[in-house]
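Spelled out from the first residue to the last, the chains are:
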Amino acid sequence: MDKIIGLGNALVDVLATLTDDSILQQMDLPKGSMQLIDSDKLQQINQVFSRMQTYLATGGSAGNTILGLACLGAGTGFIGKIGEDAYGEFYRNHLVRNGIEQKLLVCDLPSGVASTFISPDGQRTFGTFLGAASTLKAEDLSLDMFKGYSYLYIEGYLVQDHQMILRAIELAKEAGLQVCMDLASYNIVEGDLEFFSMLINKYVDVVFANEEEAKAFTGKEPEEALDQIAHMCSIAVVKVGAGGSYIKKGTETVKVSAIPVPQVLDTTGAGDYFAAGFLYGLTSGYSLDKCAKIGSILAGNVIQVIGTTIPQAQWDEIKLNINEVLSE
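The residue numbering used here restarts from 1 in each chain and proceeds along that chain's sequence as written. Restriction of local features to residues with pLDDT of at least 70 applies here, the model being predicted, together with a cutoff of 80 or more for giving and counting side-chain atom pairs; totals for whole chains, interfaces and linings are based on all residues. Side-chain measures here rest on the full set of heavy atoms in the structure, leaving out hydrogens and waters.

**Re the environment of Tyr246**
Item 1. Tracing the sequence through the fold places Tyr246 in strand E13 (residues 245-249).
Item 2. Only protein chains enter the accessibility calculation, which uses a 1.4 Å probe; a residue is then buried when its area is under 20% of its type maximum, exposed when over 50%, and partly exposed in between. Classification of Tyr246 by relative accessible area gives buried; the value is 15%.
Item 3. Sequence-wise, Tyr246 and Pro120 are 126 residues apart; in three dimensions their C-alpha atoms are separated by 27 Å. Numbering goes from the N terminus for both helices and strands, where a helix is a DSSP run of H or I of at least four residues and a strand is a run of E of at least two.

This is the structure we're talking about:
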């Protein structure tokens, strides 16, 4: 099996379940979006969270995907930046505990925190204080970080630093890696459309997008968006939530259903875990259909827990379900 390394914002998620969405208006956070916030807004959110029950988990889009891959037994690594604080230590320990080769850099800013609001319908909204994560720069990266891996997985949130993401991709290509990218969030795509187009046309091999991101990128509905993205890269994946996913490589197109879920508790990490399952299949040499089915199994399981940490007993069940798919 090929090894995969993630590059992303090393964030700790602080999650709170809402009884209604009024707090999102109060905090000026559009439902379903990821908004970058400053330390003042973080303090404001923390005051609200202090009166609520909250959960703590490692987060960041690429970090979630790499965790999912590691839990399936894939060889993984992660590059990110943390602060010298309790959140940073929590993040590092979590990587080590899950067998992920950590390539974490440290700075004197506080570690990044994603304040995560979970609406009654399971939709999640992020107020993200990047902190130390935002100081990962092009000069922090070296060719040695990418050696020994076959794939680099990048979250689209990183496009805000053009120089850094280009350096990462160029080093990965020099080391012989294929590049996979998740488009991250519709508002991120809208804000940097030209740069995303250049990256995908020139460098990216595998693109993951949800319905909103695909529309922000192409202006089209899922199936037409899939065709357009697939002309720009090797494999295009468009996820449509409960509607499943569309995958296209060359002339081959696959449609896979989502697994039935009795109750959606929290959609945080659904796309990240779909990518983990899909890439697990890809690095194992499975068909696109099987890759997508494994992705659906992981996505369907993570939305049944609060946060992005799936209990071990659930992983045992997931692996049984994957074996059933592989034996079809």
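Once the structure has been displayed, the description carries forward.
**A word on empty space enclosed by the protein**
Item 1. We place a 1 Å grid over just the protein atoms. Points where a 1.4 Å probe fits but has no way out form a cavity, open points with protein on both sides within 12 Å along at least 5 of 7 lines form a pocket, and any residue with an atom within 4 Å of a point lines it. Grid points are joined across faces, edges and corners, and a volume is the space filled by probe spheres set on the points. The final tally for this structure, using the stated rule, is one cavity of 30 Å³ or more.
Item 2. When its volume is computed, the largest cavity comes out at roughly 40 Å³.
Item 3. The wall of the largest cavity is formed by Thr58, Gly59, Gly63, Asn64, Leu67, Tyr91, His94, Leu95 and Ile100.
Item 4. Just so you know the grouping, Ala, Val, Leu, Ile, Met, Phe, Trp, Tyr, Cys and Pro go in nonpolar, Asp, Glu, Lys and Arg go in charged, and all remaining residues, Gly too, go in polar. Tallied by class, residues from the lining of the largest cavity come to four nonpolar, five polar and no charged.

**Some thoughts on the pattern of salt bridges**
Item 1. What makes a salt bridge here is a side-chain nitrogen of Lys or Arg within 4 Å of a carboxyl oxygen of Asp or Glu, nothing more. In the structure shown here, the tally under the stated rule is 12 salt bridges.
Item 2. In this structure, Asp21 engages Lys31 in a salt bridge whose closest nitrogen and oxygen atoms are separated by 3.0 Å. In this pair, Asp21 sits in the loop between strand E2 (11-17) and helix H1 (22-26) while Lys31 sits in the loop between H1 and strand E3 (34-36), placing the two residues 10 residues apart along the sequence.
Item 3. With a closest N to O distance of 2.9 Å, Asp227 and Lys248 form a salt bridge. Here Lys248 lies in strand E13 and Asp227 lies in helix H9 (residues 222-230), a separation of 21 residues in the sequence.
Item 4. Exposure remark for Asp227: the relative accessible area of 32% places this residue in the partly exposed category.
Item 5. Salt bridges linked by common partners bring Asp21, Lys31 and Asp121 together as one network.

**Notes on the pairing of strand E8 (residues 124-129)**
Item 1. Burial runs high along E8: five of the six residues are buried.
Item 2. We call two strands paired when DSSP finds no fewer than two bridges between them. As judged from the three bridges shared by E3 and E8, these two strands associate in the parallel manner. Bridging from a neighbouring strand, Gln35 pairs with Gly127 of E8.
Item 3. Where strand E7 (residues 112-118) and E8 come together, six bridges link them in antiparallel fashion. Residue pairing for E8: Ser115 is matched across the bridge by Gly127.
Item 4. In this structure, the hairpin formed by E7 and E8 is closed by a connection of five residues, where Gly122 is found at a positive phi of approximately 90 degrees.

**Let's talk about the packing of helix H3 (residues 61-71) against helix H10 (residues 270-283)**
Item 1. Only C-alpha atoms enter the line fits that serve as axes; for helices the fit covers just the stretch in contact. Angles between N-to-C directions range over 0 to 180 degrees. At a closest axis distance of 8 Å, the pairing of H3 and H10 adopts a crossing angle of 45 degrees. Here H10 runs oblique to H3, going by the angle between their axes. Here H3 and H10 pass one another in a crossing that is right-handed. Where H3 approaches H10, its residues Ser61, Asn64, Thr65, Leu67, Gly68 and Leu69 are matched on the opposing element by Asp272, Tyr273, Ala275, Ala276, Leu279 and Tyr280.
Item 2. Residues of the contact of H3 with H10, tallied by class, amount to seven nonpolar, four polar and one charged. Should an angle fall under 35 degrees it is called roughly parallel, over 145 degrees roughly antiparallel, and 65 to 115 degrees roughly perpendicular, with every other angle called oblique. The sense of a crossing depends on the near helix, which, turned anticlockwise from the far helix by less than a right angle, makes the crossing left-handed and, turned clockwise, makes it right-handed. Contacts are assigned to residue pairs that have any heavy atoms within 4.5 Å of one another.

**Some details on the nonpolar core**
Item 1. To form a nonpolar core, buried Ala, Val, Leu, Ile, Met, Phe, Trp, Tyr and Cys residues must be joined to one another through side-chain atoms within 4.5 Å. One finds Leu7, Phe146, Ile165, Leu183 and Leu199 to be the most contacted residues of the largest nonpolar core, which totals 53 residues.
Item 2. In contact with Phe146, not counting residues within four places along its chain, are Ile5, Ile79, Leu152, Ala168, Leu171, Ala172, Ala175 and Leu177.
Item 3. Judged by nonpolar contacts, the second largest core, of 51 residues, contains Ile82, Ala275, Leu288 and Trp315.

**Describing the sheet that holds E7**
Item 1. Pairing is mixed in the open sheet, where five strands are placed in the order E3-E8-E7-E2-E4. Of all strands in the sheet, those with a lone pairing partner are E3 and strand E4 (54-59), marking the two edges. Averaged over all adjacent pairs, the angle separating strand axes in this sheet is 25 degrees, with direction ignored.
Item 2. This element, helix H2 (residues 39-49), spans E2, E4, E7 and E8 of the sheet and lies at about 45 degrees to E7.

**Comments concerning the sheet that holds strand E5 (residues 76-83)**
Item 1. Judged by pairing direction, the sheet is mixed, and its nine strands sit side by side in the order E6-E5-E1-E9-E10-E11-E12-E13-E14 without closing on themselves. Only two strands of the sheet have a single neighbouring strand rather than two, namely strand E6 (101-107) and strand E14 (252-256). Across the sheet, the axes of successive neighbouring strands diverge by a mean angle of 15 degrees, strand direction being ignored.
Item 2. The pairing of strand E1 (residues 4-7) with strand E9 (residues 151-155) spans four bridges and is parallel. Opposite Ile5, over in E9, you have Leu152 as the bridge partner.
Item 3. Together, strand E10 (178-182), strand E11 (206-210) and strand E12 (235-239) form the strand contacts of helix H8 (residues 211-218), whose direction differs from that of E11 by roughly 110 degrees.

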